[in-house]
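Residue-level listing of the chains:
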Amino acid sequence: MTDLVTLAGAIEDVDALGKQLNTLLMTTVMAVMVTLAVIATWRSTKSVIAAGAAFLGGVALWFVVLNAPAFRDSVGEDLKPSAAPAPVVQVVGSGAVDGLARFGAGR
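Residues numbered from 1 in each chain as written. Predicted model: local features only at pLDDT ≥ 70, side-chain atom pairs only at ≥ 80, totals over all residues. Heavy atoms only, no water.

1. Thoughts on the overall build of the chain
Reasoning step 1: Each helix and strand counted, the chain has four helices and zero strands in total.
Reasoning step 2: The helix and strand sequence of the chain, counted from the amino end, reads α-α-α-α.
Reasoning step 3: Among the 107 residues that make up the chain, the fraction classed as buried is 6%.
Reasoning step 4: A total of about 9,100 Å² of accessible surface is found on the chain, and carbon and sulfur atoms cover 70% of it. (Helix = DSSP H or I, 4+ residues; strand = E, 2+ residues; numbered from the N terminus. Buried < 20%, exposed > 50% of the residue type's maximum accessible area, 1.4 Å probe, protein only. Areas by Shrake-Rupley, 256 points an atom, 1.4 Å probe, with all protein chains shown as cover.)

2. Describing the confidence of the model for the chain
Reasoning step 1: Chain-level pLDDT for the chain is 78 on average; 66% of the residues reach the 70-or-more range.
Reasoning step 2: Here helix α4 (residues 96-102) stands out as the element of the chain with the lowest mean pLDDT, 55, in contrast to helix α2 (residues 48-66), whose mean of 93 is the highest. (pLDDT = per-residue confidence, 0-100.)

3. Regarding the pattern of salt bridges
Reasoning step 1: One pass over the structure, following the stated rule, counts one salt bridge.
Reasoning step 2: Close ionic contact of Asp15 with Lys19 constitutes a salt bridge, the shortest N to O distance being 3.6 Å. Residue Asp15 and its partner Lys19 are located together in helix α1 (residues 2-45), separated by four residues, close to a single helical turn.
Reasoning step 3: Among the residues examined, Asp15 registers a relative accessible area of 43% and is labelled partly exposed. (Salt bridge = Lys/Arg side-chain N within 4 Å of Asp/Glu carboxyl O.)

4. So, the side chain of Thr41
Reasoning step 1: Positionally, Thr41 belongs in helix α1.
Reasoning step 2: Not counting chain neighbours up to four residues away, the residues in contact with Thr41 comprise Lys46, Ala50, Ala51 and Ala54. (Contact = heavy atoms within 4.5 Å.)

5. Brief notes about a nonpolar patch on the surface
Reasoning step 1: On the surface, a nonpolar cluster with roughly 420 Å² of combined accessible area is contributed by Leu21, Leu24, Leu25, Val29 and Met33.
Reasoning step 2: Structurally, Leu21 is set in helix α1.
Reasoning step 3: By relative accessible area, Leu21 is classed as partly exposed at 48%. (Patch = residues over 30% accessible without salt bridge, like charges linked within 9 Å, V, L, I, M, F, W, Y side chains within 5 Å.)

6. Observations concerning α2
Given 3.6 residues to a turn, an α-helix orients residues that are three or four positions apart in the same direction.
Reasoning step 1: Over its 19 residues, α2 runs 27 Å from end to end, which matches the ideal 27 Å to within 8%, given 1.5 Å per residue.
Reasoning step 2: By the burial criterion, the buried members of α2 are Ala51, Ala54 and Gly58. Buried residues of α2, seen end-on, are gathered within an arc of 55 degrees and therefore sit on one face of the element. Of the exposed residues in α2, the ones pointing more than 90 degrees away from its buried face are Val48, Ile49 and Leu56.
Reasoning step 3: Its side-chain oxygen placed 3.3 Å from the backbone nitrogen of Ile49, Ser47 serves as the N-cap of α2. (Expected span 1.5 Å × (residues − 1). Arc of directions from axis to C-beta. Polar contact = N/O pair within 3.5 Å; in protein donor to acceptor, adjacent residues only side chain to side chain.)

7. So, the environment of Ala54
Reasoning step 1: Checked against the element boundaries, Ala54 lands in helix α2.
Reasoning step 2: Judged by its relative accessible area of 17%, Ala54 is buried.
Reasoning step 3: Residue contacts for Ala54: discarding those within four places in its chain leaves Ala37, Val38 and Thr41.

Structure (structure tokens):
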């Protein structure tokens, strides 16, 4: 019985470590990536506008990463499968030339 309790404690420890690692990745690593993107853009272009655009793009990506569960859950609400069957397209003839010849084109 003590083995089961020890295992439950180990699972809780691993879960807590995973949450801490996730927080580290979401904050520190993303901040470093945005900073490096701005610095690299500034060094290559020497443009404040390009560096600002890199900053805004990095922050937008950071926002999407932080809110990924909300975006994931909203897709199911926005996209609902319909009960209508898919349309069927039938191609007659062996190519575009046959189709044009049928309408008198190409003469």
